[in-house]
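Observations on chain architecture
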Amino acid sequence: MYKIISGKDVSQAVKCRVADEIKALKDEGIEACLAVILVGDDPASRVYVNNKKKACEFCGIRSLEYVLPAETKQEELIELIEKLNADKSVNGILCQLPLPKHLDEKAVLNLIKPEKDVDAFHPENVGHIMIGDFNFLPCTPAGIMEMLRYENISLDGKNCVVIGRSNIVGKPMAMLMLKENATVTICHSRTQNLKEIVSGADVIVAAVGRPNFVTADMVKDGAVIIDVGINRMEDGKLCGDVDFEACKEKASYITPVPGGVGPMTIATLMQNTVTATKIQNSKE
Ligand code: NAD
């Protein structure tokens, strides 16, 4: 019998915790502020930015939104980030990815001050994650760890398989699982015997970006399945990377799409904004 891990419920718990922390800071005269930059008019990015804004409102975080045209020049984006870096009233800066192709994503991310880097993409923060000593957690993997903790799922000694090796999800996910004493395997597009590896997993994290990539024949009985994928189907509906209907019958725990990992990513962003605010006001 499987259990669905509801990202809606767990993220609500995290956001309520953040709202309490924000209130305590306000009582001391400190206001948390998150600046979000969106370049271009990618509809999916627009939805994410709106959801981030709503979460800020819920938590009591002041949010600033900078929507720039798709043809924005690199120098203009740099100028905005430098301005936000210097602004003491701004605690967190987030540049919504992907950026239009003509912009240098790496240069932009490297420019955000590490103490305001609430996405934890700056190389300095990535380095901290590697050594397991960090202030900011990468939002999606940290949201997944929160879900596992919420359900009292221990990773100690477990075989965890992460499918996908992106800097945003796969790699940091593996690091966080390793920190919890899991034995971690990362699979990717060049992995030879993927089915064999995945079918030995106690915990599967799928972050590929392909609908129904994980099928029931890859899943060991009792496995925990975390579906990171967000794929828009022709009928407009969202689906994950996991064949949910078939895989759930073999799983002990499984996350749905939508309503699984997605809301957790945003909740962690809120948590990171509080952390940034505390660090900048020497409360941590
Ligand atoms: P990405 O495109 O950067 O990485 C995809 C990874 O999948 C790559 O590392 C690649 O090696 C691997 N891959 C591709 N084909 C494969 C194959 N045949 N076999 C094994 N591995 C294969 O994507 P990403 O940014 O890591 O995102 C992955 C998915 O997660 C996307 O659907 C994205 O929309 C979603 N996502 C969701 C959230 C959330 O909050 N829920 C956050 C970030 C990303």
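It should be noted that the structure appears before, not after, this text.
What comes next is a walk through the structure. (Residues numbered from 1 in each chain as written. Predicted model: local features only at pLDDT ≥ 70, side-chain atom pairs only at ≥ 80, totals over all residues. Heavy atoms only, no water.)

A few points about the site of the ligand
Every one of the 21 residues lining the ligand counts as a neighbour, but R165, S166, V228, I230 and T265 are closest to it. Within the contact set of the ligand, a nitrogen atom lies 3.5 Å away from a backbone nitrogen or oxygen of H188. Measuring from an oxygen atom of the ligand, one finds a backbone N or O atom of S189 at 3.1 Å. Taking 850 Å² as the accessible area of the ligand by itself, protein coverage stands at 73%. Take the shell around the ligand: its biggest share by element is three residues, from helix α10 (residues 261-280). Classifying every residue of the shell around the ligand gives nine nonpolar, 10 polar and two charged. (Near = heavy atom within 4 Å. Polar contact = N/O pair within 3.5 Å; in protein donor to acceptor, adjacent residues only side chain to side chain. Areas by Shrake-Rupley, 256 points an atom, 1.4 Å probe, with all protein chains shown as cover. Helix = DSSP H or I, 4+ residues; strand = E, 2+ residues; numbered from the N terminus. Nonpolar A, V, L, I, M, F, W, Y, C, P; charged D, E, K, R; others polar.)

Some thoughts on the pattern of salt bridges
According to the stated counting rule, one finds 11 salt bridges in the structure shown. Where K278 meets E21, a salt bridge forms, and the shortest distance between an N and an O atom there is 2.6 Å. One end of the pair, K278, is in helix α10; the other, E21, is in helix α1 (residues 7-27), and 257 residues separate them in sequence. For the pair K278 and E21, a shared accessibility class is recorded, and that class is buried. The residue R62 makes a salt bridge to E31 at a minimum N-O spacing of 3.4 Å. Taken together, the residues R62 in strand β3 (residues 62-68) and E31 in the loop between α1 and β2 (33-39) connect sequence positions 31 residues apart. By relative accessible area, E31 is classed as partly exposed at 42%. In this structure, a network of salt bridges that share partners links the residues R17, E146 and R149. (Salt bridge = Lys/Arg side-chain N within 4 Å of Asp/Glu carboxyl O. Buried < 20%, exposed > 50% of the residue type's maximum accessible area, 1.4 Å probe, protein only.)

As for the sheet that holds strand β4 (residues 92-95)
Strand order across the open sheet formed by three strands is β3-β2-β4, with parallel pairing between neighbours. Either end of the sheet is taken by a strand with one partner, and the two such strands are β3 and β4. When strand polarity is set aside, the average angle formed by the axes of neighbouring strands in this sheet is 15 degrees. In this structure, β2 lies alongside β4, joined through four bridges in parallel fashion. The residue bridging A35 from the neighbouring strand is I93, located in β4. The sheet strands contacting helix α3 (residues 74-86) are β2, β3 and β4, and the helix crosses β2 at an angle near 180 degrees. (Pairing = 2+ DSSP bridges. Axes fitted to C-alpha atoms, helices over the stretch in contact; angles between N-to-C directions. Contact = heavy atoms within 4.5 Å.)

No statement about biological role is implied by the geometric values presented.
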